Amino acid sequence: MDKLSGKNSALLMVVVLVLGGVLWATGLTDKITGATKGSSSESSSGADRPYDAIEMRVRNVADSGTFTATVVTTSRYADKGLEAYGDGRVTVRLYGVDTPGASYRQECYAEEAKESLEKRLSESSQRIWVKPGRDDRRGRALAWVWTKDGELLQESQLADGAATLRDDATFAPYEKQVTAAEAKAEKAKTGLWGACGS
């Protein structure tokens, strides 16, 4: 009988170790414990940064939704980033949002929206993580962008009233977060919602 319970204990230990390894490998332990992959702190939005996002360093902010950046060559997915963007500067545009621009005619809330983006990027030490998408007609890389704290930049800009959702974009898998952020800003008349009228 003692031999049987010893074998059962050993078998149980193997099962626990294998199950733990599977949970760890698939990232389920992060979901169970609430940790955000690739981030030392939990994302406030629940829009977790993808494990294969490309780390970049921001070089210049052009306007409230566009900036230039370069691939961080020491990051985990640098090869993927270099393949997608090369080692030069790439113009990145926040995917899925419209932002007021400073063109030949100054749009309402353009300066404030640009300052909001610059502040968030500065707080992130100019380091961001980009999930590449497609390029727009101007050759800009349309991308979901996260700060070093795991904050989805589009959601933050929407919450600040520094952006609105585009009608022609799809937002999966972040639709819940970005639509809630925009609705809350609109209801509270935050940012451009209060400054620019309807």
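Throughout this description, residue numbers start from 1 for each chain and increase along the sequence as written. Per-residue local features of the predicted model are confined to residues with pLDDT of at least 70, and side-chain atom pairs are confined, for both listing and counting, to 80 or more; whole-chain, interface and lining totals are unaffected and use all residues. To get the side-chain values, take all heavy atoms of the structure and skip hydrogens and water.

### Here's the deal with the environment of V61
Okay, so step 1: Starting at the N terminus, helices and strands are each numbered in turn, a helix being any DSSP run of H or I of at least four residues and a strand any DSSP run of E of at least two. Of note, V61 is situated in strand 1 (residues 54-63).
Okay, so step 2: Residues V61 and V92, 31 residues apart in the sequence, show an inter-C-alpha distance of 9.7 Å.
Okay, so step 3: We call two residues in contact whenever any of their non-hydrogen atoms come within 4.5 Å of each other. Sequence-distant contacts of V61, that is, excluding residues within four places in its chain, are made with T66, F67, K114, L117, E118 and L121.

### Brief notes about helix 3 (residues 78-85)
Working note: α-helix, 3.6 residues per turn, so residues spaced by three or four point in the same direction.
Okay, so step 1: Those residues of helix 3 lying buried are A78, G81 and Y85. Buried residues along helix 3 cover an arc of 60° about the axis, so they all sit on one side. In helix 3, the exposed positions that point more than 90 degrees away from the buried face belong to D79 and E83.
Okay, so step 2: Against strand 1, strand 2 (66-71), strand 3 (90-94), strand 5 (127-135) and strand 6 (141-147) lie the buried residues of helix 3.
Okay, so step 3: Phi turns positive one or two residues past the end of helix 3, at G86, with a value near 80°. Throughout this description, buried means an accessible area under 20% of the type-specific maximum (1.4 Å probe, protein chains only), exposed means over 50%, and partly exposed covers the range between. Here the arc refers to the set of directions running from the helix axis out to each C-beta atom.

### What to know about the pairing of strand 5
Okay, so step 1: The pairing criterion for strands is at least two bridges between them, as found by DSSP. Pairing geometry for strand 1 and strand 5, over 4 bridges, is antiparallel. Paired with E55 across the strands is W129, a residue of strand 5.
Okay, so step 2: Sheet topology note: the strand 5/strand 6 ladder contains 6 bridges and is antiparallel. If you follow D135 over to strand 6, its bridge partner there is A141.
Okay, so step 3: Hairpin connection between strand 5 and strand 6: a loop of 5 residues separates the two successive antiparallel strands, and G139 in this loop has a positive phi of roughly 85°.

### Focus: the environment of G161
Okay, so step 1: For G161, the position within the fold is in the loop between helix 5 (153-159) and strand 7 (164-165).
Okay, so step 2: Accessibility expressed as a relative area gives 0% for G161, which makes it buried.
Okay, so step 3: Through-space distance from the C-alpha of G161 to that of W193 is 6.3 Å; in sequence the pair is 32 residues apart.
Okay, so step 4: Excluding anything up to four places from it in sequence, G161 contacts Y109, A185, T190, G191, L192 and W193.

### Regarding the nonpolar core
Okay, so step 1: Among the nonpolar cores identified, the biggest contains 36 residues, and M56, F67, Y85, L121, I128, W144 and V145 are the most heavily contacted of them.
Okay, so step 2: Breaking this core down by element, the ones donating at least two residues are strand 1, strand 2, strand 3, helix 4 (110-123), strand 5, strand 6, helix 5 and helix 6 (175-188).
Okay, so step 3: Element by element, the count of residues in this core is highest for strand 6, at 6 residues.
Okay, so step 4: Contact partners of V145, with chain neighbours within four places excluded, come to F67, V92, L94, I128, W129, V130, E151, L152, L153 and Q154. Grouping buried Ala, Val, Leu, Ile, Met, Phe, Trp, Tyr and Cys residues that are joined through side-chain atoms within 4.5 Å yields what is termed a nonpolar core.

### Considering helix 6
Okay, so step 1: For a helix, the expected span equals 1.5 Å multiplied by the residue count minus one. Here helix 6 spans 20 Å end to end across 14 residues, near enough to the 20 Å set by a 1.5 Å rise per residue.
Okay, so step 2: Packing partners of the buried residues in helix 6 comprise strand 6, helix 5, strand 7 and helix 7 (192-195).
Okay, so step 3: Taken from the residues just after helix 6, K189 is the one with a positive phi, measuring 55°.

### Examining the pairing of strand 2
Okay, so step 1: Burial analysis of strand 2 places 6 of its 6 residues in the buried class, which makes it a mostly covered element.
Okay, so step 2: Burial along strand 2 is two-sided: the residues T66, T68 and T70 and F67, A69 and V71 are all buried.

### Focus: a negative patch on the surface
Okay, so step 1: Taken together, E111, E112, E115 and E118 make up a surface patch of like negative charges.
Okay, so step 2: Position of E118 among the secondary structure elements: in helix 4.
Okay, so step 3: According to the relative accessible area criterion, E118 is partly exposed, its value standing at 33%. Candidates for patches are residues over 30% relative accessible area with no salt bridge; among them, like charges are joined within 9 Å and nonpolar side chains (Val, Leu, Ile, Met, Phe, Trp, Tyr) within 5 Å. In short, Shrake-Rupley with a 1.4 Å probe defines the accessible areas, and a residue's cover is counted only from the protein chains shown. In what follows, salt bridge is the name for a side-chain nitrogen of Lys or Arg lying within 4 Å of a carboxyl oxygen of Asp or Glu. Two residue types count as positive, namely Lys and Arg, and two as negative, namely Asp and Glu; His and chain ends fall outside the count. Where a charge lies is defined by one atom per residue type, namely NZ (Lys), CZ (Arg), CG (Asp) and CD (Glu).

Function cannot be inferred from these measures alone, as they are strictly geometric.
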